[in-house]
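Coordinate analysis (summary)
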Amino acid sequence: MRALASILTMLALSSSKTMAFCARHSLRNNCFWSFNRIYMSSSITSEASQGGKGPNTHNKNKEKRYQAAREKRRKFIGMAKAVDRGQFAVTYKPRSDSGKFQSRSGLPDRTKLFTVLGVESSCDDTGAAVVRSDGKILGESLASQQEIHEEWGGVVPGLARDAHASKIDSVIQEALDKSDMTIDDVDAIGVTVGPGLEICLRVGCDAAKDLAVKYNKPFVGVHHLEAHILMARIGEGVNISATSQTHESTRTMDFPFLALLVSGGHCQLMKCYGIGNYSIIGGTMDDSLGEAFDKTARLLGLPVGGGGGPAVEQLAKQGDPDSVELPIPLQRRKDCDFSYAGLKTAVRMAADRIRIERGMEAINDLPFDDKANIAASFQNVAIKHIEQRLKRAMKLCEDEDNIKTLAVVGGVAANQELRSRLDSICQENEWIMHVPPPRLCTDQGAMSAWASVERIMVGSTDVAEIQEVYARYPFSVVS
């Protein structure tokens, strides 16, 4: 027994090198769980040799927690993810129980223009920007991690965290320098606190908290998805009159409106009634649209350091969107939810069938034309799925709330084919569509700064000293 335990322990200790190998071949998850089992087996075997004493109690408690979590997840099989149904310990709720916003760290003088330093580090790019309360971006800086993650075929959280830590101070300083301001000059500080990669979020959050405390600035903990949504409001179109507490301002649109959020981690349709007040009417049950683009890019051997979406989009321009037959997901479900796991599998099977027909050893060896046709066909069907669910959501919004305005936001909203086809749907149905410029669709500091402006304008700030970060941070259900 002891000999077996020693062997298993040695295997487990070598897991770090094996994990690095697996990461290169997109097998990190499988390796993680495999070596967790090795650690568990080693502990149990060692404990058995000690007569049943030792870590057994810990393992039993861990197994109970695992079983309880699994039973809890089973309740939501077939439902959209990241939707608050009472299963989350923490949700985004900027209003108090009485429904009022609170300025927990004070407010700048809102009767005149004010500035906010925004910081973003939720995933793989370090961003900072200074934005004025009329929507003007005074200065911004972005440190890309494209080269760091390129060889791994996707974002490696530990490497992303280290890159954030090495760049965060210089990125913030560059944003200030470009705006011809110092930290003393800005009126408030905002930072993304979730959802995202927790170890990455913490880098930006800690830096922003330190500055807010040191320089006694009002502080806003920004919800990443709300920041994407609110970016569609930056600009002119609707005048917002001055009040005794706030200056006159403009937005591209007023509440309520329908938002389609399409990004690397999320795919949701929601009614937007106000700051912190969102009703999700559709979401993905498995993969997001961005994930599906990334996995298709890796399947075809495309460079994904700058994101799989742009790589697939560029390749698709050279292909025939009707050349490869693929199923549109969820044809039998007449709701607004999404699913891309099945389409991802269908793309892989179609690519493998073409590989066999061509007598190739690997999908990556396929000719350029075949890869372009696969990319074009995937993108076409992926967008068709969006179109079908969106049309249903638009009808729902018209009937229930007389909403006829759409905001398309998130990183995938930069896709030109998607923008064009959704714009056609809006024109056909006499809807107005708002989409941020492509560079403001992806993660950057301006979105955190602008979301902070919007929160401050309604009198909402947070306490820097106690602010936490959250990997999962769903919108709270507002009654």
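About the criteria used
Residues numbered from 1 in each chain as written. Predicted model: local features only at pLDDT ≥ 70, side-chain atom pairs only at ≥ 80, totals over all residues. Heavy atoms only, no water. Helix = DSSP H or I, 4+ residues; strand = E, 2+ residues; numbered from the N terminus. Contact = heavy atoms within 4.5 Å. Areas by Shrake-Rupley, 256 points an atom, 1.4 Å probe, with all protein chains shown as cover. Pairing = 2+ DSSP bridges. Axes fitted to C-alpha atoms, helices over the stretch in contact; angles between N-to-C directions. Salt bridge = Lys/Arg side-chain N within 4 Å of Asp/Glu carboxyl O. Buried < 20%, exposed > 50% of the residue type's maximum accessible area, 1.4 Å probe, protein only. Right-handed = clockwise from strand over helix to strand, strands pointing away. pLDDT = per-residue confidence, 0-100. Expected span 1.5 Å × (residues − 1). Core = buried A, V, L, I, M, F, W, Y, C linked by side-chain atoms within 4.5 Å. Phe/Tyr/Trp six-rings, centres within 6.5 Å; stacked < 30°, edge-to-face > 60°. Parallel < 35°, antiparallel > 145°, perpendicular 65-115°, else oblique. Left-handed = near helix turned anticlockwise from the far one by under 90°.

**So, the overall build of the chain**
Helix and strand content of the chain: 15 helices and 12 strands. Put simply, 72% of the contacts in the chain that link residues at least 6 apart link residues at least 24 apart. Here the chain has roughly 22700 Å² of accessible surface; of this, 50% comes from carbon and sulfur atoms.

**Notes on the sheet that holds strand S2 (residues 126-132)**
Read across the sheet, 5 strands follow the order S3-S2-S1-S4-S5 without closing on themselves; strand pairing throughout is mixed. A strand with exactly one partner marks an edge of an open sheet, and here the two such strands are strand S3 (137-143) and strand S5 (219-223). Adjacent strand axes in the sheet meet at a mean angle of 20° when their direction is disregarded. Here 5 bridges tie strand S4 (residues 188-194) to S5, and the two strands are oriented parallel to one another. Looking across to S5, one finds that Thr192 is bridged to Val222. The sheet contacts of helix H8 (residues 224-231) involve strand S1 (115-120), S4 and S5, and relative to S5 the element is tilted by about 85°.

**Concerning the environment of Ser339**
Checked against the element boundaries, Ser339 lands in the loop between helix H10 (308-316) and helix H11 (341-358). Taking the C-alpha atoms as reference points, Ser339 and Cys267, 72 residues apart in sequence, are found 9.2 Å from one another. Beyond its immediate stretch of four places on either side in the chain, Ser339 contacts Thr284, Met285, Asp286, Pro329, Leu330 and His385.

**Brief notes about the pattern of salt bridges**
For the structure on display, the rule yields 22 salt bridges. Between Arg233 and Asp254 there is a salt bridge whose closest N-O contact spans 3.9 Å. With Arg233 in the loop between H8 and strand S6 (238-240) and Asp254 in the loop between strand S7 (249-251) and strand S8 (257-262), this residue pair connects regions lying 21 residues apart in the sequence. Since its relative accessible area comes to 44%, Asp254 is described here as partly exposed. Salt-bridge contacts for Arg455 lead to Asp462; the nearest nitrogen and oxygen are separated by 3.0 Å.

**Some details on the pairing of strand S11 (residues 405-409)**
When you tally the buried positions in S11, you get 5 out of 5 residues, the bulk of the element. Burial along S11 is two-sided: Thr405, Ala407 and Val409 facing one way and Leu406 and Val408 facing the other are all buried. Alignment of S8 against S11, held across 4 bridges, turns out to be parallel. The residue bridging Leu260 from the neighbouring strand is Val408, located in S11. Sheet topology note: the S11/strand S12 (residues 432-434) ladder contains 3 bridges and is parallel. Within S12, the position partnered with Thr405 by the bridge is Ile432. Each parallel crossover has a hand, and for S11 linked through helix H13 (residues 416-428) to S12 it is right-handed.

**Some details on the confidence of the model for the chain**
Summarising the model, the chain shows a mean pLDDT of 88, and 86% of its residues fall at 70 or more. Here residues 1-53 scores under 50 on pLDDT; set against residues more than four positions off or in separate chains, the count is 43 contacts.

**So, helix H12 (residues 368-401)**
When the terminal C-alpha atoms of H12 are compared, their 48 Å separation across 34 residues agrees well with the 50 Å that a helix rising 1.5 Å per residue should span. Downstream of H12 by one or two residues, Asn402 has phi in the positive range, about 55°.

**Topic: the nonpolar core**
One finds Leu117, Ile172, Ile229, Phe257, Met270 and Cys272 to be the most contacted residues of the largest nonpolar core, which totals 63 residues. The element that contributes the greatest number of residues to this core is helix H15 (residues 445-457), accounting for 8 residues. Not counting chain neighbours up to four residues away, the residues in contact with Ile172 comprise Leu117, Val119, Ala128, Ala207 and Leu211. Within the second largest apolar cluster, 56 residues are counted, among which are Leu269, Ala351, Val412 and Ile425.

**Topic: the packing of aromatic side chains**
By the definition in use, this model includes 6 aromatic pairs. On the basis of an interplanar angle of 40° and a centroid distance of 4.6 Å, the ring pair of Tyr278 and Phe475 is categorised as tilted. A residue pair is termed long-range when its members are at least 10 positions apart, and Tyr278 in strand S10 (residues 277-283) and Phe475 in the segment after H15 qualify at 197 residues. You'll find Tyr278 and Phe475 in the same group, each marked buried. Chaining the aromatic ring pairs together yields one cluster made of Tyr92, Tyr278, Tyr470, Tyr473 and Phe475.

**Some thoughts on the pairing of S5**
The side chains of a regular strand alternate between both faces of the sheet. Burial of S5 is extensive: 5 of the 5 residues sit out of reach of the surface. Side-chain alternation along S5 places Phe219, Gly221 and His223 on one buried face and Val220 and Val222 on a second face that is also buried. The β-α-β motif built from S4, the intervening helix H7 (residues 198-214) and the parallel element S5 has right-handed crossover chirality.

**Things to note about the packing of H12 against H13**
For the pair H12 and H13, interaxial distance at closest approach is 11 Å and the crossing angle is 30°. In terms of orientation, H12 and H13 fall into the roughly parallel class. Judged by the twist between their axes, the crossing of H12 over H13 is right-handed. Listed contacts from H13 to Gln379, Asn380, Ile383, Lys384, Ile386, Glu387, Leu390, Lys391 and Met394 of H12 are Glu417, Leu418, Arg421, Leu422, Ile425 and Cys426.

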